[in-house]
Amino acid sequence: MGEPPLKIAYSPCPNDTFVFHAWAHGQVPGAPALDVTFADIDITNGMAERGEFDILKVSYAVLPWVLDDYALLPCGGALGRGCGPLVLTREPGDAAGLAGKTVAVPSERSTAYLLFRLWAADQVPAGVGEVVVLPFHEIMPAVRDGKVDAGLVIHEARFTYQEYGLHRLADMGEHWENTTGLPIPLGAIIAKRALGEERLRALAEAARASVRMAWDDPQASRGYVLAHAQEMDPAVADQHIGLYVNEFTTDLGEDGYAAVRGLLTRAAAEGLVPPLGPNALDFV
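**Student:** Any chance you could explain the pairing of strand E9 (residues 150–153) here in plain terms?
**Tutor:** In regular strands, side chains alternate between the two faces of the sheet. Side chains Ala150 and Leu152 of E9 all project onto a buried face; the interleaved residues Gly151 and Val153 project onto the opposite face, where all are buried too. Direction of pairing for strand E6 (residues 86–89) relative to E9: antiparallel, over a ladder of four bridges. Note on E9: the bridge partner recorded for Leu88 is Gly151. Summarising the sheet, strand E7 (residues 103–105) and E9 pair through two bridges and their orientation is parallel.

**Student:** How should I be thinking about the state of the cysteines in this particular structure?
**Tutor:** Cysteine pairs can be covalently joined through their sulfur atoms, and such a bond is termed a disulfide. In this structure the tally under the stated criterion is zero disulfides. Cys75 carries a free sulfur, and the closest cysteine sulfur to it, the one in Cys83, is 18 Å from it. Judged by its relative accessible area of 2%, Cys75 falls in the buried class.

**Student:** What should I look at first to understand the sheet that holds E6 in this one?
**Tutor:** For sheets, the rule is that strands pair by backbone hydrogen bonds, running either parallel or antiparallel. Spatial strand order, E8-E7-E9-E6-E10: five strands in an open sheet with mixed pairing. Only two strands of the sheet have a single partner each, and these edge strands are strand E8 (131–133) and strand E10 (167–171). Pairs of neighbouring strands in the sheet enclose a mean axial angle of 30°, with direction left out of account. Relative to E10, E6 is paired through four bridges, and the arrangement is antiparallel. Paired with Val87 across the bridge in E10 is Ala170. Of the strands in this sheet, E6, E7 and E9 touch helix H5 (residues 136–144), which is tilted by about 160° from E9. Where helix H7 (residues 172–180) meets the sheet, its contacts fall on E6, E9 and E10, and the angle it forms with E10 comes to roughly 25°.

**Student:** Is there a simple way to think about H5 in this case?
**Tutor:** For an α-helix the count is 3.6 residues per turn, leaving residues at separations of three or four pointing the same way. For H5, the complete set of buried residues consists of Ile139, Met140, Ala142 and Val143. Along the axis of H5, the buried residues cluster in a sector spanning 160°; they form a single face. Next to the buried residues of H5 lie E6, E7, E9 and helix H6 (157–160).

**Student:** Just checking my understanding: could you explain the side chain of Thr249 for this structure?
**Tutor:** Residue position: Thr249 is located in helix H11 (residues 247–250). Accessibility expressed as a relative area gives 0% for Thr249, which makes it buried. Those residues in contact with Thr249 that sit more than four places away from it in its chain are Val19, Cys75, Gly76, Gly77, Val211 and Tyr244.

**Student:** Could you clarify how one ought to interpret the nonpolar core in this entry?
**Tutor:** In globular proteins that are soluble, nonpolar side chains generally tend to be buried together. In terms of nonpolar packing, the biggest core is built from 88 residues, with Leu63 and Trp119 touching the most fellow members. Looking at this core element by element, the count peaks at eight residues for helix H4 (residues 111–123). Leave out the neighbours within four places in its chain, and Trp119 touches Val87, Ala95, Leu98, Val124, Leu169, Ala170, Met172 and His175. Counting residues in each nonpolar core, the second largest holds twelve residues, with Met140, Val143, Val148 and Leu166 among its members.

**Student:** Looking at this structure, I do not really get the environment of Gly151. What am I missing?
**Tutor:** With respect to the helices and strands, the residue Gly151 is situated in strand E9. The residues contacting Gly151, other than those within four sequence positions of it, are Leu86, Val87, Leu88, Val103, Ala104, Ile139 and Val143.

**Student:** When you look at the packing of aromatic side chains in this model, what are you seeing that I'm missing?
**Tutor:** Both the distance between ring centres and the angle between the ring planes are used here to describe each pair of aromatic rings. Throughout the structure, instances matching the rule amount to five aromatic pairs. Plain terms: the ring middles of Tyr10 and Phe20 are 4.6 Å apart, the flat faces sit at 15° to each other, and that makes the pair stacked. Taken together, the residues Tyr10 in strand E1 (residues 6–10) and Phe20 in helix H1 (residues 14–24) connect sequence positions ten residues apart. Using a relative accessible area of 0% as the deciding quantity, one classes Tyr10 as buried. According to the relative accessible area criterion, Phe20 is buried, its value standing at 1%. Summarising the aromatic geometry, the rings of Tyr10 and Phe38 are spaced 5.4 Å apart at their centres and angled 85° between planes, so their arrangement reads as edge-to-face.

**Student:** For this particular structure, what's the right way to read H7?
**Tutor:** Buried within H7 are the following residues: Met172, Gly173, His175, Trp176 and Glu177. For H7, the secondary structure elements touched by its buried residues are E6, H4, E9, E10, strand E11 (184–192) and helix H12 (253–269). Measuring from the side-chain oxygen of the N-cap residue of H7 to the backbone nitrogen of Gly173 gives 2.8 Å; that N-cap residue is Asp171. Among the residues trailing H7, Gly181 stands out with phi positive, at a value near 75°.

Thresholds applied
- Residues numbered from 1 in each chain as written.
- Predicted model: local features only at pLDDT ≥ 70, side-chain atom pairs only at ≥ 80, totals over all residues.
- Heavy atoms only, no water.
- Buried < 20%, exposed > 50% of the residue type's maximum accessible area, 1.4 Å probe, protein only.
- Helix = DSSP H or I, 4+ residues; strand = E, 2+ residues; numbered from the N terminus.
- Pairing = 2+ DSSP bridges.
- Disulfide = S-S within 2.5 Å.
- Axes fitted to C-alpha atoms, helices over the stretch in contact; angles between N-to-C directions.
- Contact = heavy atoms within 4.5 Å.
- Arc of directions from axis to C-beta.
- Core = buried A, V, L, I, M, F, W, Y, C linked by side-chain atoms within 4.5 Å.
- Phe/Tyr/Trp six-rings, centres within 6.5 Å; stacked < 30°, edge-to-face > 60°.
- Polar contact = N/O pair within 3.5 Å; in protein donor to acceptor, adjacent residues only side chain to side chain.

Structure follows, in structure tokens:
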């Protein structure tokens, strides 16, 4: 009998299904078999905090709570440039106008939220008002309908917010890139440290191989991507993949690690996350 499949959870978003298609379908030679669960990232963040699943796609923002049990894989995740979360409003305005206002966010344990809080500390000195958590697909309708004053949006909302008649107040990614020069750390792949060094290295190699296979034959994953893309327009799915699957997906590299460390160090200084230990980001 072979090893039982490793339990993995990632989102149905096009970048994840594109990246994991080959591996999930047993097409990566020598890679361990996977038992896949689909869940949005706010759900997988909670799974990680409870120690569920062998491998998870999570927000970089949750790492300070989970790195005792999980190792950050140096590949497979989402970092990039020009892909940050947006703050949207019904009417054009400026950052100062958010003082005391209600803002909807998709999760308080998300990179988007950390970037927003770091931006607001810099740009809204009087402070925003109430922050409410909504599922991300409910945020733009809530802003449009006046239920909240502003919304923090992620993913494909970058490409669709104008359909709701909304205005972009600010781009959290632009602020991050302008102040740090680093890419934006969004989603991370983590795996249980208990799997051991050898298996963790094999997982990283499998993730890299799966990404390269997706790039070599983009059509191979097309059906899988669109089947899980929740009625997303195929052109938007392509934009999504183009933005979030890049050189950092195959290897975090120096800039990638600097971005992750920079985000979590700044967030810890603002009291938003616990401080990282000196070797917390080490892979093995």
